[in-house]
Amino acid sequence: MAMAKPVLSLLVHLHAALLFLPDPAGGAVYNVLRYGARPDGATDAAGPFLRAWADACRSPRPATVYVPPGRYLVRSATFTGPCHSSAVTFAIAGTVVAPARYGARGSSGRWITFENMDGLVVSGGGTLDGRGRALWACRRRGGQRDCPNPTSSLTIANSRNVVVAGVRSVDSELFHVVVLQCHGVTVRGVTVEAPADSPNTDGIHMHMSSHVSVYDARISTGDDCISIGPGNSHLWIERVACGPGHGIRGCYVPHEYCLISFLRVGLNLIDSTTRSIVDQALAHLSLIFFPLYALFLTLLVEQFLYGGMEQEPKAVARNRKVVLRGYIDRAPREDDMELVDGGALELRVPECAGGGPAVLVKNLYLSCDPYMRGRMRDFQGSYIPPFKPGSPIEGFGVGRVVDSTYPGLSAGDIVSGMTGWEDYSLITKPEQLTKIQQSDIPLSYHLGLLGMPGFTAYVGFYEICSPKKGEFVFVSAASGAVGQIVGQLAKLHGCYVVGSAGTNQKVELLKEKFGFDAAFNYKEEPDLTAALKRYFPEGIDIYFENVGGPMLDAVLLNMRVHGRIAVCGMVSQHGVTAPAGIHNLFSFISKRIEMKGFIQSDYVHLFPQFVDDITKHYRDGKIVYVEDVSIGLESGPAAFVGLFSGKNVGKQVVRVSQD
């Protein structure tokens, strides 16, 4: 079927006489239960919520206020910034309910408000229940004069760089989500639910704001699905399911100036009662422009109807890629990889995608891991095949599903798994992806703490090392993605733990943040055997091997009888054309040492248990995690190469996008 033409494509340039217009990334978690919130739906939790927010806002590092499952009564709450960190998350996993009695929320017209923020995320998949039915009934009985002023459920005011994702708003007294005097707001994957006869319950309202994007939303309400007030610019509205509701309405306040510039709409009208934006635009065009105030207005509206006889238009995007230029047999360099323009990509799964279900993802975070170095050589004898020159580098990533023909995943889902180093990747083995339930845990942690490195640490320590309380544990490359977790697990198990690292900064990190009993800079030790004897006078029971070379030889001379060595990696040998051999092999015999290499994927049956255990440790504050985040796909090659010279502090991650 041929693509439908836009019902309306309107480009208006209006000029008036006046010359001026008025100006229209490992964080802390603050669980509201610890501040006295009760998930009973009856005890006012506004105070505990605000106290948790105050501590999170004071935190110098990324912070999350976490509202766990349960029902929390909040009469009214305003969460005010600016905060010390530019990465604050308010994660709602439960249901926040308004007072049952209307009028108990004050006279501000707002129920839940975030204001003066820069870098806020409101997410978690939870629900805001506005309990608006009592007020609606009052207004039907006696009119507006006999009832208190209604309140909007969620207001984002005077803020920048805000994401509202996966939140459900039910039965708001007035507007469900309000974006007021903001710049750079993304509203993604929200659900709005209110009866078709609920008065003035606009789904999303924008006022005096710029660069606001709304997409993948499902809005069912009694008034406008999206209402656009005066003074807005650069609005993007795509993939919105609207109905029941009145579509999109803009600029209907004639006594104020009104400016909308660069509005693009791709609205899915799913209900016959929904009024088309075509009718709305034509009906309100006379109200859009007021010559007493406005000089210049550019309005670009594109409306597409699909379903039935018509189809959604193609959406495309540029797709940049980091490709391998050719195989190498030395330490990797940045110029071994190249950022190329992959051209325009249609943002949907092609009909012939490998002959089976597939998923198109937008990559958000990419993981830099030492094992990837082995895939840059022309060697077919490994457990994983080499990269293909001219094709994108592959690795673990976290992404958002853009389109899916796989039954288990749909647009808007967040997933982790193997992906390409590019803006968008087509995954032809979607069964290997893991769906992530957004919570208080940062998405990037699913590449480290809750990803392959964390699982490697978990399996290596518990399954390979078989630890016992009181044993002596040594971890090399201890500040890296795997080592930092191994050391903390060993401490939780009651072991004595020493780590080695390549800078004094990392040594302090091991002792002060990760809780190691001791640590040393191996580069400052002329005799590694003597250094280990100094830190382990009684010998080493468990060695978690990450580096190989001279360190392994020194460890063998310091192992205790029946010691265990888990061989996770040998990063010191990755860039060596003639790898170093082991000289102290006799220790295996005299000390009856067990040394075993392993790959985490051999223990995939333990992954659910690992996620449960590590998540609990993290939320209980028993495990912390440190990341080193590089910004932009173009930073990928440098970030990866830095692994082999120790430039990274903690788990190395590349943030491709925040959308």
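Please refer to the structure higher up on the page.
Just so it is clear, the structure is predicted and the values come from calculations on it, not from any experiment.

1. Observations regarding the environment of Y618
If you trace the backbone, Y618 turns up in helix α10 (residues 607–619). Judged by relative accessible area, Y618 falls into the buried class, the value being 7%. The sequence separation of Y618 and I441 amounts to 177 residues, and the corresponding C-alpha distance is 8.7 Å.

2. A word on the packing of aromatic side chains
A full pass over the atoms with the stated rule returns 25 aromatic pairs. For the ring pair F461 and Y462, a centre distance of 5.1 Å and an interplane angle of 70° mean the geometry is edge-to-face. On the basis of relative accessibility, which here comes to 0%, the residue F461 falls in the buried class. Classification of Y462 by relative accessible area gives partly exposed; the value is 27%.

3. Remarks on the nonpolar core
One recurring pattern in soluble globular proteins: nonpolar side chains tend to sit buried together. The biggest cluster of nonpolar side chains holds 58 residues, and the ones touching the most others in it are F49, W53, V74, F90, F114, M206 and I226. If one sorts the elements of this core by residue count, helix α1 (residues 46–58) sits on top with six residues. Core analysis: the second largest hydrophobic core is formed by 45 residues, L449, F516, Y625 and V649 among them.

4. A few points about the packing of helix α4 (residues 452–464) against helix α5 (residues 483–492)
Remark: α4 packs on α5, axes separated minimally by 8 Å, with the N-to-C direction vectors making an angle of 45°. Taken together, the axes of α4 and α5 are oblique relative to one another. Crossing geometry of α4 relative to α5 is assigned as right-handed. Packed against α4, whose contacting residues are G454, A457, Y458, F461 and Y462, the element α5 presents I485, V486, L489 and A490 at the interface. Tallied by class, residues from the contact of α4 with α5 come to eight nonpolar, one polar and no charged.

5. Section: the sheet that holds strand β18 (residues 204–207)
Within the open sheet, the seven strands sit side by side as β6-β9-β12-β15-β18-β20-β22. Their pairing is parallel. Only two strands of the sheet have a single neighbouring strand rather than two, namely β6 (77–80) and β22 (248–250). Each strand axis lies, on average, 15° off the axis of its neighbour in the sheet, ignoring direction. Bridge count between strand β9 (residues 110–115) and strand β12 (residues 152–157): five bridges; the pairing is parallel. In the strand pairing of β12, F114 is matched with I156. Running over the sheet, α1 touches β6 and β9 and is turned about 5° from β6.

6. Regarding α5
Where burial is concerned, most of α5 is hidden: eight out of the ten residues are buried. The inward-facing, buried residues of α5 contact α4, β32 (472–475), β33 (496–501), β35 (540–545), α10 and β39 (651–655). Once α5 finishes, G494 follows within two positions and takes phi at roughly 90°, a positive value.

Definitions and limits used
Residues numbered from 1 in each chain as written. Predicted model: local features only at pLDDT ≥ 70, side-chain atom pairs only at ≥ 80, totals over all residues. Heavy atoms only, no water. Helix = DSSP H or I, 4+ residues; strand = E, 2+ residues; numbered from the N terminus. Buried < 20%, exposed > 50% of the residue type's maximum accessible area, 1.4 Å probe, protein only. Phe/Tyr/Trp six-rings, centres within 6.5 Å; stacked < 30°, edge-to-face > 60°. Core = buried A, V, L, I, M, F, W, Y, C linked by side-chain atoms within 4.5 Å. Axes fitted to C-alpha atoms, helices over the stretch in contact; angles between N-to-C directions. Parallel < 35°, antiparallel > 145°, perpendicular 65-115°, else oblique. Left-handed = near helix turned anticlockwise from the far one by under 90°. Contact = heavy atoms within 4.5 Å. Nonpolar A, V, L, I, M, F, W, Y, C, P; charged D, E, K, R; others polar. Pairing = 2+ DSSP bridges.

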